[in-house]
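# Reading the structure
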Amino acid sequence: MAGYFLAGKNMMWFLVGGSLFSSNIGSEHFVGLAGTAAADGVAIGGFELNAVYLVQLLGWVFLPVYIASFCYTMPEYLKKRFGGRRIHVYYAFLSLVLYVLVKLSVDIYSASLFIQVVIGWNLYLSVLLILSMTAVYVVTGGLAAVIYTDTLQTLLIVIGGLTLMAFSLVEVGGFQGLYEGYMSAVPNTTLSGETSCGYPRNDSFKMLRGASDDILPWQGFFFGQTTASIWYWCADQVIVQRALAAKSLAHAKGGTLMAGYLKLLPTFMFVIPGMVSRVLFTDAVACVKAEDCEKICQNPVSCSNIAYPLLVTNILPTGLRGLMLAVMLAALMSSLSAICNSASTIFTIDIWSTYRNHASEKEKMIVGRILVFALLFLSILWIPVVQLKQGGLLFVYIQNVTGCLAPPITAVFLGGMFWSRINEKGAFWSLMVGLVMGVVRLTLDLTYQAPTNCAEDTRPAVVQLHFMYFTLILFWVCVGVMVIVSLLTDPIPESRLQRLTFWTRHSQQEYEEFPDSGPSTSDKYELDKDGVMGQTAKNGTVGETTDTDRTSVQNGTSTNSGEATRVVDEVGEVEETSCRTRCSQFIVWFCGLKPKKTLTAEEQAEMEHRLTSIEQTKFESIILNINLIVILSVAVFMFIYFTFLWV
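Residues numbered from 1 in each chain as written. Predicted model: local features only at pLDDT ≥ 70, side-chain atom pairs only at ≥ 80, totals over all residues. Heavy atoms only, no water.

## A look at the packing of helix α6 (residues 86-119) against helix α18 (residues 318-355)
For the pair α6 and α18, the least separation of the axes is 10 Å and the interaxial angle reads 160 degrees. Relative to α18, the element α6 is oriented roughly antiparallel. By crossing handedness, the relation of α6 to α18 is classed as left-handed. Tallied by class, the residues present in the contact of α6 with α18 amount to 24 nonpolar, five polar and three charged. (Axes fitted to C-alpha atoms, helices over the stretch in contact; angles between N-to-C directions. Helix = DSSP H or I, 4+ residues; strand = E, 2+ residues; numbered from the N terminus. Parallel < 35°, antiparallel > 145°, perpendicular 65-115°, else oblique. Left-handed = near helix turned anticlockwise from the far one by under 90°. Nonpolar A, V, L, I, M, F, W, Y, C, P; charged D, E, K, R; others polar.)

What follows is the structure in structure tokens.
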């Protein structure tokens, strides 16, 4: 299963970096990021620059602990750190819910909208096309296939995005022309006096804005929204799984550095073209009246989300138009495959295996595929909600939902990683309090439509509170609950914290498992010579091999008392003749199952040491730290430039 879920842990730094970037850049960036920039200016680019810091936080703080603790999923880390089952099962379910609400549904909707504008197809016909194009790719390839294709798709995304930026800036006369054109991009319905709305914001060219701003108040952004973003970049399976596939910690850090350099580009690739689109297609992108927006994009709330597709359709030559469609589809496939692969990992390892301890590899792989189709179906049902919420600003919708549900997770991960006194009871009740608060706020957000077209905001005060400030309050409430409950209950013994906190990541003491945490990963899986995990032999289950049998295994068979027996493979104890049937062969191919190789005790110990090592050479440390300083400095400069120096 490591071959499918962790790419055998053999990925080089540039493959990891490309996959991190490509997994993050989905079709919602082409549609949502550009659309929000068209409506409100450059501020939305701050989310991309903030990610530069957070992905380095993953590489320098979180990954060493994940690797040293021999964890393959984020729920598994919570199980090892706190014990019990309720925390890691809860987080696994919550992750799947978040994937539906803010990842799969948004990706599918934004890609469908792109195809609708560029090709002219019906929105839901485009949805069916997208699913049919990506379904087989998503479910038949493991993480290794995903990472290799992600790297190639990253190249496509960067080339296509920068190409469109160049064409769009030429169209408006450079950055000076963009400033003058954007500030005068007022729709005709406003100019004719039919409405007083539709004027660009006076601070459209400032990235960090005042405390009362409705898009990016800098206090709420840095101290509130960052807590939700830490979940995405440091504790979400989609991102962390790619970094864990690196062949060493040095390569993992190199991958996060490369991803950080690449995250400097979306401001240029998506934000600036989105603003250009308002200049060129003002009446469409900046429509004000609901009936006008309905005619233009079949969305009465706003048409800002069609900003990027309109650029592709109208300013690019035919050949480049096809290239950009391919780029967008590449981004979609990367994002969908990343999410579905990680969702399958979480469900099979942290939920299914928890309640079916002796499930065969065949069963788990098939269940993982079925889950993918179920999540895609639920995501399609959620698309109408995505389409109408947050004033039609897709990227703001993503951040709002994440801000309601993710801060408790961040609090638990940070508390568990940096303070050994935090225990299971403290973490659990922190998550429960955070869940109640977040669900109440999210329900109110979904119930009360955000005001559009300059309408007065008559929603309750708790809903009017900017979601970034709510995120800040939610995070600290969860921290407070976690600390108080932990101090009032028994601490976790030091022997059960070895290599599970930042301060004990180098510990050589033996880790003592919790008695009530269920089977650990080391109990369920063993490592073969290719780094691929097969199901461990325990209590006569699949893969059991005695010392006598192991010495006589040759060419796929083993002998015992002169009588030939079958070697059990990952498909389970299936007779060779039945495996030859077409049905069984299809299942083996579809699920990516491979024959298992058995390691000697010495080989397994050596492999496990390599996979848990966080050692770096002095040369590696110097190069990595120099690049860390450079990338963080560049991000600071870009924040300053786009806030004070641009215009």
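There is more to say, and it comes next.
## Concerning the environment of R321
Summarising the element assignment, R321 is placed in helix α18. Judged by relative accessible area, which is 29%, R321 ranks as partly exposed. Among all residues touching R321, those that are not within four sequence positions of it are V312, T313 and L316. (Buried < 20%, exposed > 50% of the residue type's maximum accessible area, 1.4 Å probe, protein only. Contact = heavy atoms within 4.5 Å.)

## Observations regarding the state of the cysteines
All chains considered together, the criterion is met by two disulfides. Here C287 is linked by a disulfide to C293, with a sulfur-sulfur distance of 2.1 Å. As the torsion about the S-S bond is roughly 115 degrees, the C287-C293 disulfide counts as right-handed. The two residues C287 and C293 agree in class, both being buried. In this model C297 forms its disulfide with C303; the gap between the sulfur atoms is 2.0 Å. Between C297 and C303, the S-S dihedral sits near -90 degrees, and the bridge is therefore left-handed. (Disulfide = S-S within 2.5 Å.)

## Here we look at the packing of helix α11 (residues 218-235) against helix α24 (residues 467-488)
One can describe the packing of α11 onto α24 by two numbers: an axis separation of 8 Å at closest approach and a directional angle of 60 degrees. Considering their axes alone, α11 and α24 lie oblique with respect to each other. Considering only the axes of α11 and α24, their crossing is left-handed. When α11 is examined against α24, the residues Q219, G220, F221, F223, G224, Q225, T227 and A228 are found in contact with a partner set consisting of F467, M468, Y469, T471, L472 and F475.

## Observations concerning the side chain of Q225
Along the polypeptide, Q225 turns up in helix α11. Judged by relative accessible area, which is 0%, Q225 ranks as buried. What Q225 contacts, discounting residues up to four positions off in sequence, is F47, G220, Q399, F467, M468 and T471.

## Some points on the packing of aromatic side chains
Counted under the stated rule, the structure contains 31 aromatic pairs. Between the aromatic rings of F502 and W503, the centroid separation amounts to 5.2 Å while the plane-to-plane angle is 85 degrees, which identifies the pairing as edge-to-face. Counting every residue linked through ring pairs, the aromatic cluster contains F175, Y179, Y182, F205, F268, F637, Y641, F642 and W646. In this arrangement the basic side chain of R86 is found over the ring face of F428, its NZ or CZ atom lying 3.8 Å from the centre. (Phe/Tyr/Trp six-rings, centres within 6.5 Å; stacked < 30°, edge-to-face > 60°. Lys NZ or Arg CZ within 6 Å of the ring centre and 35° of its normal.)

## Structural notes on the environment of Q116
The residue Q116 is located in helix α6 in this model. Given a relative accessible area of 17%, Q116 falls into the buried group. Taking the C-alpha atoms as reference points, Q116 and P309, 193 residues apart in sequence, are found 8.9 Å from one another.

## A closer look at the pattern of salt bridges
Two side chains with opposite charge may pair up if their charged atoms get near one another. Scanning the model with the defined rule gives 13 salt bridges in all. With a shortest N-O distance of 3.9 Å, D40 and R201 are connected by a salt bridge. Placement of D40 in helix α3 (residues 27-40) and of R201 in the loop between α10 (188-191) and α11 is noted, with a sequence separation of 161 residues between them. Like D40, the residue R201 is buried in the burial classification. D213 is the salt-bridge partner of R201, the closest N and O atoms lying 2.1 Å from each other. With a gap of twelve residues between them, R201 in the loop between α10 and α11 and D213 in the loop between α10 and α11 connect regions that are remote in the sequence. As far as the burial class goes, R201 and D213 line up, both buried. The network of salt bridges with shared partners includes D40, R201, D203, R209, D213 and D214. (Salt bridge = Lys/Arg side-chain N within 4 Å of Asp/Glu carboxyl O.)

## Focus on the side chain of R441
Mapped onto the fold, R441 is located in helix α22 (residues 424-447). A relative accessible area of 3% means that R441 is categorised as buried. Within the local environment of R441, its side chain forms a polar contact with the backbone oxygen of V463, the two atoms lying 3.4 Å apart. Among all residues touching R441, those that are not within four sequence positions of it are C404, V462, V463, L465, H466, F467 and F470. (Polar contact = N/O pair within 3.5 Å; in protein donor to acceptor, adjacent residues only side chain to side chain.)

## Describing a nonpolar patch on the surface
Taken together, Y261, F619, I622, I623, I626 and V630 make up a surface patch of nonpolar side chains, about 550 Å² in accessible area. In terms of residue count, the dominant contributor to the nonpolar patch is helix α30 (residues 618-645) (five residues). As for its placement among the helices and strands, I622 is situated in helix α30. Classification of I622 by relative accessible area gives partly exposed; the value is 42%. (Patch = residues over 30% accessible without salt bridge, like charges linked within 9 Å, V, L, I, M, F, W, Y side chains within 5 Å. Areas by Shrake-Rupley, 256 points an atom, 1.4 Å probe, with all protein chains shown as cover.)

## Considerations on the confidence of the model for the protein
Averaged over all residues, the pLDDT of the protein equals 81, while 81% of them reach at least 70. In this model, residues 521-577 is a region of pLDDT below 50 whose contacts with residues beyond four sequence positions or in other chains number 113 contacts. (pLDDT = per-residue confidence, 0-100.)

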